[in-house]
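# Architecture at a glance
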Amino acid sequence: MRKLVNEIIKPYFDRKKKELGLPKTQNSIWKIDCWSVHKSAEFRHWMKSTHKNIILLFVPGGCTGIWQPLDVGIQRVLKLSLRRSAHRDIITEVTTHLEGENSSGLILLDVKLGTLRNRSVGWLVRAYQELDDQNLIKKVIQSSV
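Residues numbered from 1 in each chain as written. Predicted model: local features only at pLDDT ≥ 70, side-chain atom pairs only at ≥ 80, totals over all residues. Heavy atoms only, no water.

### Comments concerning the overall build of the protein chain
Within the protein chain, the regular secondary structure consists of 7 helices and 2 strands. For the protein chain, whose C-alpha radius of gyration is 22 Å, the value lies well above the compact-globule estimate of 15 Å for 145 residues. Counting only C-alpha atoms, the protein chain reaches 70 × 35 × 30 Å along its principal axes. Relative to its full complement of 145 residues, the protein chain shows a buried share of 20%. Pairs at least 24 apart in sequence give 65% of the contacts found in the protein chain among residues at least 6 apart. Accessible area for the protein chain stands at about 10,900 Å²; split by element, carbon and sulfur atoms hold 59% of it. With 24 positive and 14 negative side-chain charges, the protein chain shows a separation of 12 Å between the mean positions of the two kinds. (Helix = DSSP H or I, 4+ residues; strand = E, 2+ residues; numbered from the N terminus. Rg over C-alpha atoms; globule rule 2.2 N^0.38 Å. Buried < 20%, exposed > 50% of the residue type's maximum accessible area, 1.4 Å probe, protein only. Contact = heavy atoms within 4.5 Å. Areas by Shrake-Rupley, 256 points an atom, 1.4 Å probe, with all protein chains shown as cover. Lys, Arg positive; Asp, Glu negative; His and termini not counted. Charge placed at Lys NZ, Arg CZ, Asp CG, Glu CD.)

### Quick look at the packing of aromatic side chains
Scanning the model with the defined rule gives 3 aromatic pairs in all. With centroids separated by 5.9 Å and ring planes inclined at 55°, the aromatic side chains of Tyr12 and Phe13 adopt a geometry described as tilted. An aromatic cluster is defined as three or more aromatic residues linked by ring pairs; in this entry it consists of Trp30, Phe43 and Trp46. (Phe/Tyr/Trp six-rings, centres within 6.5 Å; stacked < 30°, edge-to-face > 60°.)

### Comments concerning the pattern of salt bridges
Under the definition given, this model contains 6 salt bridges. In this structure, Asp14 engages Lys10 in a salt bridge whose closest nitrogen and oxygen atoms are separated by 2.9 Å. Of this pair, Asp14 and Lys10 both sit in helix α1 (residues 2–20), separated by 4 residues, roughly a single helical turn. For Asp14, a relative accessible area of 34% translates into the label partly exposed. Owing to a relative accessible area of 28%, Lys10 belongs among the partly exposed residues under this scheme. (Salt bridge = Lys/Arg side-chain N within 4 Å of Asp/Glu carboxyl O.)

### With respect to helix α3 (residues 41–50)
For an α-helix, the turn length of 3.6 residues means that residues three or four places apart are oriented alike. Those residues of α3 not exposed but buried are Phe43, Trp46 and Met47. The buried residues of α3 occupy an angular sector of 100° when the element is viewed end-on, so they sit on one face. Of the exposed residues in α3, those oriented more than 90 degrees away from the buried face are Ala41, His45 and Lys48. In this fold, the buried residues of α3 make contact with α1, β1 (28–33), α2 (36–39) and β2 (54–59). (Arc of directions from axis to C-beta.)

### Notes on the nonpolar core
Among the nonpolar cores identified, the biggest contains 10 residues, and these are Val5, Ile9, Phe13, Trp30, Ile32, Phe43, Trp46, Met47, Ile54 and Leu56. Mapped by element, the contributors of at least two residues to this core are α1, β1, α3 and β2. The residues touching Leu56, leaving out its near neighbours within four places in the chain, are Trp30, Ile32, Phe43, Arg44 and Met47. (Core = buried A, V, L, I, M, F, W, Y, C linked by side-chain atoms within 4.5 Å.)

### Looking at the domain arrangement of the protein chain
Entries for the protein chain in the domain assignment read domain 1 (1–63) and domain 2 (68–142). Taking only C-alpha atoms, the centre of domain 1 and the centre of domain 2 are 34 Å apart. (Domains from an automatic or database assignment.)

### Observations concerning the environment of Asp133
Here Asp133 shows up in the loop between α6 (113–131) and α7 (134–144). Polar contacts involving the side chain of Asp133 include one to the main-chain amide nitrogen of Asn135, which spans 3.0 Å. (Polar contact = N/O pair within 3.5 Å; in protein donor to acceptor, adjacent residues only side chain to side chain.)

Shown next as structure tokens:
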């Protein structure tokens, strides 16, 4: 978490303040989920002592869809599409093995990095095609208003 704050969050806020002509002492608000690592006394104390100008606001549990509609509207669809594509590949691999002449009953899935890397391209293309839907985008926009 500290690396994320030091290398991404803080520099982003600093850059935006400079772009907007705001003083470096201007407070910034970081809205984050209520994960235990975020809410821990250790992390909150570190933030308060190291990054005094970053104010933490926590999205209440169960409210991510209200506060962050992209998490529910777009990312959920993306993750489901990726899962379905991976599942489809597993079914194809198992079916091919079972229908093969040398089927011994023992099924070992190919989980080598190269295989998964090559398959993931197809998964991402399929997910992109599923997300390329004006009605889905409009629905997400309407739910955030």
